[in-house]
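These are the residues of each chain, in order.
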Protein chains: 2
Amino acid sequence: MVDASLALSLLPDALRQRRAQAKTFKDLTYTHYTDDFKHIPRGTFVFDQTVVFGYPHIGRVLALEAGIKAHFKAPFWAEEKINGYNVRITQIQGQVIALTRGGFICPFTTDRLPDLMPLAIFQQHPELVVCAEVAGPDNPYLESSPPFIAKDVQLFVFDLMTQDRIGFLPQREKQVKIQHFGLPAVPLHGYFQPNEATKIAELILKLHRERREGLVFKEDSDRDHRAKYVTGSSCIDDLRVTSDNLLDLPPEYFINRLLRLSLFVEEHALPATAELKQALGGAFLDGLSAAMESYRSTHHVSKRFRCRFRHKESALTLLDHLKHSSRHIQILQHDLYQEDGYFVLEFERIYPALTGMLGDLLAGRMIYD
Amino acid sequence: MVDASLALSLLPDALRQRRAQAKTFKDLTYTHYTDDFKHIPRGTFVFDQTVVFGYPHIGRVLALEAGIKAHFKAPFWAEEKINGYNVRITQIQGQVIALTRGGFICPFTTDRLPDLMPLAIFQQHPELVVCAEVAGPDNPYLESSPPFIAKDVQLFVFDLMTQDRIGFLPQREKQVKIQHFGLPAVPLHGYFQPNEATKIAELILKLHRERREGLVFKEDSDRDHRAKYVTGSSCIDDLRVTSDNLLDLPPEYFINRLLRLSLFVEEHALPATAELKQALGGAFLDGLSAAMESYRSTHHVSKRFRCRFRHKESALTLLDHLKHSSRHIQILQHDLYQEDGYFVLEFERIYPALTGMLGDLLAGRMIYD
């Protein structure tokens, strides 16, 4: 059985095999599993005898109706999937911290927590783990953000867990707590029967038109079965923001999104309009053209990030983390200044593969393919 | 030194290491190098003591002006690059045969040679090797063909070699022989100085607008240095005909063409028009949508090929070859019938990866990515 004592007892082995890592955040020295290791999921966090299990993978279906039919035996909730990064928020030794998917304490999210959600819940339930998406243009990790967030970041709760236990609190209990503590939650789009694929298709098309990411289905049953399904427009958005990163991401990243988009278009009988094709072609061309302009003027291909902190120290901690954790991607500090009571950090991520390749190609390098 | 005697003496080793293969075509038993092996190029053909060296790789530049500047020290010819498959035609024991790039005797091209070029040249020069591109919609290998060939196939000579020798006949000697024997040749678009990149840019833009493939540059010097450069429209055409083959080709195939296209658009300052974006987006979407329709109606993703033969036996030999040589791609014989004095072979190539993946996904399979 996977429980906290297993996560604790496997830790020395995992550390030796470099599947777990020790880290320090302020006065907390903690460990996190950096890979799946003998049933302990990646991202599992350990401080002293306290374990916060990693957030599990949710399977993706690429065919909506067939996927629902194949996987759901009972009614299910459809919650909105938000295009951001996954965090688990919990209290350790009186400090509320935010863990990334990988189990690292995120200096940015942790710093901003008081702005993002009411924290009173942790006084009453100190063992609770709040699972949420943080999204918005001013975040340090992702180039994309939902169209409905104009600036900074917002937080959207979608699950509750308990320290030392694997698995989620039941949906109804979660909803009660979200209401009671006024937590910002992901939009809940309804409760459906497995034979209501047509209604869900209408819903997903509405989200597609609004350029929102998609849905997560959660079965109303003890097994709490789950699946996710995304809109066609989210595939195009992904391609648009990453096309200037064409050689630094695995090529499957692009192939998968093309396949998802095509299946979406086909299942929902969307006309293959000039507008849709143009959006897809532009997603590739505009990003690559920006990359080339960037290379011509600065001799590297990069993206600029910006995020706001309550404390200057948090910004420096984040920068230090980014510089050490991204093996391939070079980080340049650009600026750290005060604005409206916040410390604003601006930095650039350099994409080395495309930078190197463009340098060679624009110098006339001959390739044999 | 790489010469015929080396190709002959290395053959037993190459055969043992499976870098060469013995084959039979009618009454000819021959061997060909299936990989580069100790300076002997892939595609090198050996019959008895006669060697036909493999056609060498020509390097590709993705930046026209920089590429010419970096690689050409003397004037050069610009010949048209034709979108077809490479053959070497030569006479062995009184039979004129066509070798594929891999050194296999192509039953289709060999059968059709009398239709494709005058063969008198081999009476006067029995040791000659004619290097050419075969292109057109009715070919057994490629899904794409030049826009200016409406039906069947045509042959375009671009080089002459001599049996038992590596390297090409000089350009002027080649042109004299092409004229004298009335060989169909690739269009010659001019003779340029290395500082005439602007004139070549005008030429390539004309080819781009005509949806032709590109140019091969051949230096007027003893070293006979070469480079190729393709049009943006050829990249889009490649993507259009192969997008239904998205999972069976290496993903780099798609990434490379996106990069080539973007560099082309940028270097020639083409406006990123709606039309261009639409063509690129449509290249992906239309092909994948056709693949899905094909899957829904036949339960597999396939492409139909058609080619005409003078002799029924050649069609059967080709089919047999295709069935045995394509490890991943399944061939279905469809039809072989007579029409206008020819035997028409129609067959289908099945793309197994996309077929399998669509089958799974359309059945609702959940994936973890």
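It is worth spelling out the sheet that holds strand 10 (residues 154-162) of chain B at this point. Strands pair in a sheet through their backbones, by hydrogen bonds, and they do so in one of two ways: parallel or antiparallel. Residue and element names in this part refer to chain B. On the basis of which strands lie adjacent, the open sheet formed by four strands has the order 8-7-9-10 and antiparallel pairing. Across the chains shown, the open sheet's two edge strands, defined by having one partner strand only, are strand 8 (95-100) and strand 10. Averaged over all adjacent pairs, the angle separating strand axes in this sheet is 30°, with direction ignored. Summarising the sheet, strand 7 (residues 85-92) and strand 8 pair through six bridges and their orientation is antiparallel. What sits directly across from glutamine 91, in strand 8, is valine 96.

All names here are of chain B. Spatial ordering of the open sheet is given by 14-16-15, a layout of three strands whose pairing is antiparallel. Looking at which strands have only one partner, the edges of the open sheet turn out to be strand 14 (302-309) and strand 15 (330-339). Each neighbouring strand pair of the sheet contributes to a mean axis angle of 20°, computed without reference to strand direction. Relative to strand 16 (residues 342-350), strand 15 runs antiparallel, the two being bridged by nine bridges.

Once that is clear, we can look at the packing of aromatic side chains. All names here are of chain A. Inspection of the entire model under this criterion finds 32 aromatic pairs over all chains. Plain terms: the ring middles of phenylalanine 76 and phenylalanine 192 are 6.3 Å apart, the flat faces sit at 35° to each other, and that makes the pair tilted. Within this pair, whereas phenylalanine 76 is found in strand 6 (residues 76-81), its partner phenylalanine 192 is found in strand 11 (residues 188-192), the two being separated by 116 residues in sequence. A relative accessible area of 0% means that phenylalanine 76 is categorised as buried. You can call phenylalanine 192 buried: its relative accessible area is 6%. In textbook terms, an aromatic cluster arises when at least three aromatic residues are bridged by ring pairs, as seen for Phe72, Phe76, Phe192 and Phe217. Across from the ring centre of tyrosine 342, 4.1 Å away, lies the NZ or CZ of arginine 308, which sits over that ring.

Moving on to helix 5 (residues 171-181) of chain A. What sets the pattern is the α-helix's 3.6 residues per turn: residues three or four places apart point alike. Residues and elements named next belong to chain A. Residues of helix 5 that are buried include every one of Gln171, Lys174, Lys177, Ile178 and Phe181, and no others. Down the axis, helix 5 shows its buried residues gathered within 125° of arc, on one side only. Among the exposed residues of helix 5, those pointing more than 90 degrees away from its buried face are Val176, Gln179 and His180. Those residues of helix 5 that are buried lie in contact with strand 6, helix 4 (121-124), strand 9 (128-135), strand 10 (154-162), strand 11 and strand 12 (214-219).

Each copy of the sequence occupies a distinct position, and chain B is placed on chain A by a rotation of 180° and an axial shift of 0.0 Å, giving an RMSD of 0.0 Å. In symmetry terms, the pair is related by a two-fold rotation axis.

Residues and elements named next belong to chain A. The assigned domain composition of chain A is domain 1 (1-54 + 84-182) and domain 2 (58-82 + 186-230). Each of domain 1 and domain 2 was reduced to a C-alpha centroid, and the two centroids are 24 Å apart. Facing 15 residues of domain 1, the contacting portion of domain 2 comprises 14 residues. Interface of domain 1 and domain 2: buried area, both sides summed, is about 1100 Å²; carbon and sulfur atoms make up 52% of it. For the pair domain 1 and domain 2, the number of links is four salt bridges. Here lysine 218 and aspartate 159 are joined by a salt bridge, their closest N and O atoms 3.2 Å apart. One can count eight residue pairs in polar contact (both at pLDDT 80 or more) joining domain 1 with domain 2. Of all the secondary structure elements, the ones that give two or more residues to the side of domain 1 that touches domain 2 are strand 9, strand 10 and helix 5. Broken down by class, the residue content of the side of domain 1 that touches domain 2 amounts to eight nonpolar, three polar and four charged.

Conventions adopted
Residue numbering note: each chain is counted from 1, following its sequence as written. Each chain gets a letter, beginning with A, and each ligand a number, beginning with 1, in the order they are written. With the structure being a predicted model, the display of local features is reserved for residues of pLDDT at least 70 and the display and counting of side-chain atom pairs for 80 or more, all residues being used for whole-chain, interface and lining totals. Here the side-chain values reflect all heavy atoms present in the structure, with hydrogen atoms and water set aside. Pairing between strands is defined by DSSP: at least two bridges between the two strands are required. Under the scheme used here, helices are H or I runs from DSSP no shorter than 4 residues and strands are E runs no shorter than 2 residues, and both carry numbers assigned from the N terminus. In this description, a line fitted to the C-alpha atoms serves as the axis of each element, helices being fitted only across the stretch in contact, and the angle between N-to-C directions of two axes falls anywhere from 0 to 180 degrees. A pair of aromatic rings is counted whenever rings of Phe, Tyr or Trp (Trp by its six-membered ring) have centres within 6.5 Å, and the orientation is called stacked for planes under 30 degrees apart, edge-to-face for over 60 and tilted otherwise. The buried label applies to any residue whose accessible area, calculated with a 1.4 Å probe on protein chains only, is under 20% of its type's maximum; exposed applies above 50%, and partly exposed to all values in between. When the NZ atom of lysine or the CZ atom of arginine is within 6 Å of a ring's centre and also within 35 degrees of its normal, the charge is said to sit over that ring. As used here, the arc is the angular range of directions from the helix axis to the C-beta atoms. Residue contacts are counted whenever heavy atoms from the two residues lie within 4.5 Å of one another. Least-squares superposition of the copies uses the C-alpha atoms of those residues scoring a pLDDT of at least 70 in each of them. A domain assignment, automatic or from a database, supplies the domain bounds used here. Here the quantity called buried area is the accessible surface, traced with a 1.4 Å probe, that two parts lose on coming together, added over both. Put simply, a salt bridge is a Lys or Arg side-chain nitrogen that is within 4 Å of an Asp or Glu carboxyl oxygen. Between N or O atoms, a polar contact is any pair within 3.5 Å; within protein, one atom must be a potential hydrogen donor and the other a potential acceptor, and residues adjacent in sequence are included only when both atoms are from side chains. Under the grouping applied here, Gly and all other residues not named as nonpolar or charged are polar, the nonpolar ones being Ala, Val, Leu, Ile, Met, Phe, Trp, Tyr, Cys and Pro and the charged ones Asp, Glu, Lys and Arg.

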